[in-house]
Amino acid sequence: MVLEGLLYSPSHEWLKVEGKTAFVGISDHAQHALGSVVFIELPRVGKTVKKGESFGAVESVKAASDMYLPVTGKILEVNSKLEGSPELLNDDPYGSWIVKIELVDESELSSLLTSEQYKPLSEE
Amino acid sequence: MKYYNKLIFEISKKGREGFNLTKKDLPEVKLPKALVRSNKANLPEVSEFDVVRHYTNVSQKNFGVETGFYPLGSCTMKYNPKINDELATLSGFANIHPLQPVETVQGLLKIYHETQRILAEISGLAAYSLNPFAGAHGELAGLMIIQAYHDKRNDSKRNKIIIPDSAHGTNPASATVCGFETVEIKSNPDGTVNLEALKAVLNDETAGLMLTNPNTAGVFEKDIAEISRLVHDAGGLLYYDGANLNAILGKTRPGDMGFDITHINLHKTFSTPHGGGGPGSGPVGVCEKLLEFLPNPIVKEKDGFYYFEDSADSIGALGLFYGNASVYIRAYVYLMTFGKESMSDIGLMAVLNANYIKESLKDIFELPIKGHCMHEFVFDGLKDQSTGVKTLDVAKRLLDYGYHAPTVYFPLIFSQSMMIEPTEVESKETLDEFINIMRVVAQEAKDNPELVKTAPHNTIVRRLDEAKAARQPIVKFTDLK
Amino acid sequence: MHKYLPHTSQDIEEMLKVTGANSLDDLFTSIPKKLRLTKPYQIPSALSDHDLTKHMQNLAKQNKELIVFRGAGAYDHYSPSIVKALISRQEFLTSYTPYQPEVAQGTLQYIFEYQSMVCELTGMEVSNASMYDGATATAEAMFMAFAQTGMSKVLISSTVNPRIIDVVKTYARYRDIEVIVTPSQDGVTDLNFIQKNMENAMGLIVQNPNYFGIIEDYNGFSEVVHENDGLFIMNSEGQPLSLIKTPGEYDADIAVGDLQSFGLPLSFGGAYVGYLATKMKYVRKMPGRICGITTDVDGKRAFVLTLQAREQHIRRAKANSNICSNQSLMALAVTIYLSTMGKEGTVMVANESMKGAHYLYQELLKTNKFEVVYNKPFFKEFVLKAKFDVDKFEKDLLKDGILGPLHIKDNHLLFAVTEKRSIEEIDLLVRKVVEQK
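## Side note on the overall build of chain A
Here is step 1 of the chain: For chain A, the helix and strand inventory stands at four helices and nine strands.
Here is step 2 of the chain: Going from the N terminus to the C terminus, chain A shows its helices and strands as β-β-β-α-β-β-β-β-β-α-α-β-α.
Here is step 3 of the chain: Taken over C-alpha atoms, the radius of gyration comes to 13 Å for chain A, in line with the 14 Å a tight globule of 124 residues would show.
Here is step 4 of the chain: Along the first, second and third principal axes, the C-alpha atoms of chain A reach 35 × 35 × 20 Å.
Here is step 5 of the chain: A burial count over chain A gives 40% of its 124 residues as buried.

See below:
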């Protein structure tokens, strides 16, 4: 399912803006496609990742997938709870943020998809 | 199969021994304490009979080619002849040290030289090195050769390898390990190379194209001559993944198709045992212009005398010695069992068997690629998916009937892939029984889908919790405490 | 048609009908005519089973079985009869990779036992299910360090087997990794040089016992490597690990080596088996298959390949390694050997090998035909410098059915002695030395 009020990327990440920062996670479609998540590789705090670049990877029993940052950002925090319990991404994909970033270029937000625009992609 | 649940460490008892060694009447050697390990390794202490009974019971938890049918697409699970095992392990082969002077190993070097020559003739290429230990290792060697070739021509721009999306995972992985960038091209619906997609990516950065032919969906690339022309005109080399060589034995040769380099999987096409995952052997072969790049050392012959030589432009050494000798000796025996008279029958029967199964089941399984297939073919799941029974479920249910499942979820271009390769060794009766069971399972999927979705039921363990194994890895005995 | 091809002409006729093809040739119409073979392969004629047997026996006779005093990576240790007998069971020999765990619990169980034994021997936390050989395992350890650190320089001691250095260099060349071979002092690795050159290096590769048979003291090495954020990689042939200080005890990050000594015949260099073991924190960078324990739906203990998301079939171009087939059956042979010899037997083999090697060393020096080269403790191999013609020596020994030491360079001879060498055989070798001028 697709949660309203969030922004999405075509590679199935979601983004929630909070002032000059944003939280990033993976969508319900992504966790479903992966299957039971067994491991997550989180980035270093302080690292700047460009829009579209990989900021980490998530692994399930049968797949491994890079996660791409929807907009350029500096990593402020990582959700280390996920390291011990990666299955939280399956149980609650929208409640389990992966990284908190500082937005570098707010104009990039306009290139992201609304929940309406993302819905058809999530049904493929 | 029997559910035997003891680890060798669990049947160990202090004071038991399984060895028979005598101490020599020589002084003990005392090493400085700083160089010695603090405690002995906690290896088992069991009697010899314990070992025999234990591993016999462990073996009975396995399904081998001699147990039953293994229709695994892309693996070529054919009979592993006993005569190969017997003759490859004669003491005159088994007891020979790799660093003996060449005069004392002429028999082995002759086998090496003859085997590579026969493989070269079958492939339409100039020579092979038997040094690579496995198919993926042969791929790595082949890609290194491509790089070395371009380097020697001072063409340093060429850093890209083109690979179709239907390729086996080792192809892009090997390219990465060799320092190349992979360019993936989308295949046609039948898995063949889309010429337009290929043309779009060919340029002066192309080092080469890696192809399997027939492709991983069992279809022959009929445009191969055009593909070869395009790649060569762009300045690239053409690499042949020999995993599907079984289909074309006697019909055509990769060298004649325009391939410059190949690897062959002796544990597929040439009957050497799979061993539960290895050892294999992945000889790499080249056309004339690439001979100088073959991995060192190279076995040469002059006036009936065999010796080793290093090539100055070789990609280098790929292992401590000369590959898996005990494996390629088995392949040599197999090649000599068929000889020029019968080698060509292998491809004929393999292709006949695959088409027979395909035609007999295409009414109930979804056949994405119509027309004759080669030695293997793909079903894209059941035709009737209304009850939600997936390929994985069908595969697991086949285990209940005493079959090993076919290859599932490969190639990636079909979402419910089930790839079937019977090989030429299976009789019509075996195929008919398999076809019958596939029909039974398809019917069960309609009448009793839950039974299929929760399969297997008759195996000694069922539906393993793979997520738990990955989240809480227990990878050695002491992790269990 | 052929003993491996069961089709009768009736079978073929009936099957062709089902396929809709008029003839077998019809099934191959997708192969363009221009590419079809028009003549049979120019390969030897098929041989009948008994002719083939004679042929192979003839070829086997053309290889000389010798009394072996040479090592350098391949060792003449005894293999108990049950090893060959058990690995010949078809369930082990002919089975496929255990991707369908329900019908491959046998393979998975022995892999788990193998992994456990490798960890015991090396003192590491996790082992994979085997590599091709010790040399390629060393190269793959280098790639692990590269993936972990991102640094493209690696140090390797000159006391590592030169052939292993060659393989590491081959793999490194294509990834633009600079390989620096570090100097040695009196046959052991020079720590000073390493201290000065470790900065910005992905790691250091050493061998123990080293190429010259010397048991090196690697105390202090891991600290230097770790200070520089590198990985400490130690290559040890399996057999000495029964006795000598382990890579784990030296705080190595990756342990690699060859296990041929544990029950595998010399077999002209293959099939052998490499091992790779590491600390749990690097497990996701480790190549190859890993077997783990889990439970099935009924709560039964079961074995399964795990952490497969590292491997080529899932990661494809993003994989750290391309390894698919490994040396599984040889890993089984090693597991059976180690179970048979066990905790005490492996130590006994080590002691008997050392006793023989040290006895030979003393007796050779007594002949006054050698110069001491290194003043260091050794295990089952050692180097002495000969004062006579070494090529003639090798030929003379062959006449008596002996494979003598390996001539490394400048009359330096590398001898190896295992538990199989009797006092009589050692004395014979010494007598042959005395005969040399």
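## Quick notes on the overall build of chain B
Here is step 1 of the chain: Within chain B, the regular secondary structure consists of 14 helices and 12 strands.
Here is step 2 of the chain: For 481 residues, the compact-globule estimate of 2.2 N^0.38 gives 23 Å, and the C-alpha radius of gyration of chain B, at 25 Å, lies within 12% of that figure.
Here is step 3 of the chain: Its C-alpha atoms give chain B principal-axis dimensions of about 75 × 65 × 45 Å.
Here is step 4 of the chain: Here the analysis covers contacts within chain B between residues at least 6 apart in sequence; of these, 72% occur between residues at least 24 apart.

## Looking at the sheet that holds strand β13 (residues 370–372) of chain C
All names here are of chain C.
Here is step 1 of the chain: One open sheet accounts for four strands, arranged β13-β14-β17-β16; its pairing is antiparallel. Looking at which strands have only one partner, the edges of the open sheet turn out to be β13 and β16 (406–409). The mean angle between the axes of side-by-side strands here comes to 45°, regardless of whether they run parallel or antiparallel.
Here is step 2 of the chain: Here three bridges tie β16 to strand β17 (residues 412–416), and the two strands are oriented antiparallel to one another. Bridge pairing in β17 places H407 opposite L413.
Here is step 3 of the chain: Lying over the sheet, helix α11 (residues 328–366) contacts β13, β14 (381–386) and β17, oriented at roughly 10° with respect to β14.

## A few points about the interface of chain B and chain C
Here is step 1 of the chain: On the side of chain C, 169 residues touch chain B, which itself brings 168 residues to the contact.
Here is step 2 of the chain: Grouping the constituent residues of the side of chain B that touches chain C by class yields 87 nonpolar, 51 polar and 30 charged.

## Some remarks on the nonpolar core
Here is step 1 of the chain: I145 of chain B together with M142 and I233 of chain C are the most contacted members of the largest nonpolar core, which totals 328 residues.
Here is step 2 of the chain: When near neighbours in sequence (up to four residues on either side) are disregarded, I145 of chain B contacts I261, V286, L290, F293 and I315 of chain B.

## Regarding the interface of chain A and chain B
Here is step 1 of the chain: Contacts between the two partners involve four residues from chain A, matched on the other side by four residues from chain B.
Here is step 2 of the chain: Looking at the side of chain A that touches chain B residue by residue, the class counts come to three nonpolar, one polar and no charged.

## As for helix α1 (residues 48–59) of chain B
Here is step 1 of the chain: Its 12 residues give α1 of chain B an end-to-end C-alpha distance of 17 Å, which sits within 8% of 16 Å, the value for a rise of 1.5 Å per residue.
Here is step 2 of the chain: If you check which residues of α1 of chain B are buried, you get V51, H54, Y55, V58 and S59 of chain B. The arc that holds the buried residues of α1 of chain B, viewed along the axis, is 135°, so those residues lie on one side.
Here is step 3 of the chain: Those residues of α1 of chain B that are buried are in contact with α3 (81–87), α4 (90–93), α5 (105–122) and α11 of chain C.

## Let's talk about the sheet that holds strand β4 (residues 37–41) of chain A
Adjacent strands of a sheet form backbone hydrogen bonds with each other and so pair up, either parallel or antiparallel.
Residues and elements named next belong to chain A.
Here is step 1 of the chain: Strand order in the open sheet formed by three strands is β4-β6-β7, and the pairing between neighbours is antiparallel. Edge positions in the open sheet fall to β4 and β7 (64–68), since each of these has one partner strand only. This sheet shows a mean twist of 25° between the axes of neighbouring strands, independent of strand direction.
Here is step 2 of the chain: Bridge count for β4 against strand β6 (residues 54–60) is four bridges, and the pairing is antiparallel. For E41, the partnering residue across the bridge sits in β6 and is A57.

## Structural notes on the environment of Q105 of chain C
Here is step 1 of the chain: Among the secondary structure elements, Q105 of chain C is positioned in helix α5.
Here is step 2 of the chain: The spatial distance from the C-alpha of Q105 of chain C to the C-alpha of V206 of chain C is 36 Å, given a sequence separation of 101 residues.
Here is step 3 of the chain: Setting aside anything within four residues of it in sequence, one finds Q105 of chain C in contact with K61, I460 and V461 of chain B together with A302 and F303 of chain C.

## A look at the environment of T459 of chain B
Here is step 1 of the chain: Looking at the element boundaries, T459 of chain B is found in the loop between α13 (449–453) and α14 (466–471).
Here is step 2 of the chain: Take T459 of chain B: there are 21 C-beta atoms within 10 Å of it, and that puts it in the buried class.
Here is step 3 of the chain: Aside from chain neighbours lying at most four places away, what touches T459 of chain B is L399 and D400 of chain B together with E102 and V103 of chain C.

## Describing the domain arrangement of chain B
Here is step 1 of the chain: Partitioning chain B into structural domains gives domain 1 (8–59), domain 2 (83–338) and domain 3 (344–466).
Here is step 2 of the chain: With centres defined by C-alpha atoms, the gap from domain 1 of chain B to domain 2 of chain B works out at 42 Å.

## A word on the confidence of the model for chain B
Here is step 1 of the chain: Looking at chain B as a whole, its pLDDT mean stands at 96, while 100% of the residues score no less than 70.
Here is step 2 of the chain: Scoring the predicted complex yields pTM 0.95 and, for the interface, ipTM 0.97.

## Looking at α5 of chain C
Residue and element names in this part refer to chain C.
Here is step 1 of the chain: Helix length check: α5, at 18 residues, gives a terminal C-alpha distance of 26 Å against a target of 26 Å (1.5 Å per residue), a fit within 8%.
Here is step 2 of the chain: The element α5 is extensively covered by neighbouring structure, given that 18 of its 18 residues are classed as buried.
Here is step 3 of the chain: Of the residues one or two after α5, G123 is the one with positive phi, at around 75°.

## Focus: the environment of T387 of chain B
All names here are of chain B.
Here is step 1 of the chain: Checked against the element boundaries, T387 lands in the loop between β10 (377–380) and α11 (391–400).
Here is step 2 of the chain: Residue classification places T387 among the partly exposed positions, given that 16 C-beta atoms sit within 10 Å.
Here is step 3 of the chain: The spacing of T387 and A167 is 220 residues in sequence and 31 Å in space, taken between C-alpha atoms.
Here is step 4 of the chain: Look past the residues within four positions of T387 in its chain and what remains in contact with it is A445, K446 and P449.

## Some remarks on the pairing of strand β11 (residues 290–295) of chain C
All names here are of chain C.
Here is step 1 of the chain: Extensive coverage of β11 is indicated by the burial of five of its six residues.
Here is step 2 of the chain: As defined by bridge partners, β11 adjoins strand β12 (residues 301–306) across six bridges and the pair is classed as antiparallel. Residue pairing for β12: I290 is matched across the bridge by T306.
Here is step 3 of the chain: Hairpin remark: β11 followed by β12, antiparallel, with five residues in the connecting loop; positive phi at G299, about 80°.

## With respect to the pairing of strand β10 (residues 274–278) of chain C
All names here are of chain C.
Here is step 1 of the chain: Across the five residues that make up β10, a large majority, five, are buried.
Here is step 2 of the chain: Residues G274, L276 and T278 of β10 are buried on one face, and the alternating residues Y275 and A277, pointing to the opposite face, are buried as well.
Here is step 3 of the chain: For strand β2 (residues 126–127) and β10, the ladder comprises two bridges, and the chain directions are antiparallel. Counted as the bridge partner of S127 is A277 from β10.
Here is step 4 of the chain: Bridge count for strand β9 (residues 254–258) against β10 is five bridges, and the pairing is antiparallel. Residue V256 lies in a different strand from β10, and its bridge partner there is L276.

## Considerations on unusual backbone geometry
All names here are of chain B.
Here is step 1 of the chain: Going from N296 to P297, the amide bond is cis rather than trans, its omega being -10°.
Here is step 2 of the chain: Its location among the elements puts P297 in the loop between β7 (284–286) and β8 (298–302).
Here is step 3 of the chain: Look at the link from F410 to P411: it is a cis peptide, with omega at 0°.
Here is step 4 of the chain: Despite not being glycine, N154 shows a phi value in the positive range, around 60°.
Here is step 5 of the chain: Take N154: it is sitting in the loop between α5 (135–152) and β2 (160–164).
Here is step 6 of the chain: When the 6 C-beta atoms within 10 Å are taken as the criterion, N154 is described as exposed.
Here is step 7 of the chain: Notably, S271 is not glycine yet its phi reads approximately 70°, a positive angle.
Here is step 8 of the chain: Here S271 shows up in the loop between β6 (261–263) and β7.
Here is step 9 of the chain: The exposure class assigned to S271 is buried, which follows from the 24 C-beta atoms found within 10 Å.

## Description of the packing of helix α4 (residues 106–123) of chain B against helix α10 (residues 325–361) of chain B
Residue and element names in this part refer to chain B.
Here is step 1 of the chain: Taken N-terminus to C-terminus, the directions of α4 and α10 make an angle of 60°; their axes are 10 Å apart at the nearest point. The angle between α4 and α10 places the two elements in the oblique class. Here the hand of the crossing between α4 and α10 comes out left-handed. Between α4 and α10, the residues in contact are L108, I111, E114, T115 and I118 and A325, Y328, I329, A331, Y332 and L335, respectively.
Here is step 2 of the chain: Residue composition of the contact of α4 with α10, by class: nine nonpolar, one polar and one charged.

## Here we look at the packing of α4 of chain B against helix α2 (residues 49–61) of chain C
Here is step 1 of the chain: At a minimum axis distance of 6 Å, the contact between α4 of chain B and α2 of chain C shows a crossing angle of 125°. Judged by the angle between their axes, α4 of chain B and α2 of chain C are oblique. Contacts from G107, K110 and I111 of chain B of α4 of chain B reach α2 of chain C at L59, A60 and K61 of chain C.
Here is step 2 of the chain: Among the residues making up the contact of α4 of chain B with α2 of chain C, the classes are represented as three nonpolar, one polar and two charged.

Analysis parameters
- Residues numbered from 1 in each chain as written.
- Chains lettered and ligands numbered in written order.
- Predicted model: local features only at pLDDT ≥ 70, side-chain atom pairs only at ≥ 80, totals over all residues.
- Helix = DSSP H or I, 4+ residues; strand = E, 2+ residues; numbered from the N terminus.
- Rg over C-alpha atoms; globule rule 2.2 N^0.38 Å.
- Buried ≥ 20, exposed ≤ 12 C-beta atoms within 10 Å, placed from the backbone.
- Contact = placed C-beta atoms within 7 Å.
- Pairing = 2+ DSSP bridges.
- Axes fitted to C-alpha atoms, helices over the stretch in contact; angles between N-to-C directions.
- Nonpolar A, V, L, I, M, F, W, Y, C, P; charged D, E, K, R; others polar.
- Core = buried A, V, L, I, M, F, W, Y, C linked by C-beta atoms within 7 Å.
- Expected span 1.5 Å × (residues − 1).
- Arc of directions from axis to C-beta.
- Domains from an automatic or database assignment.
- pLDDT = per-residue confidence, 0-100.
- Parallel < 35°, antiparallel > 145°, perpendicular 65-115°, else oblique.
- Left-handed = near helix turned anticlockwise from the far one by under 90°.

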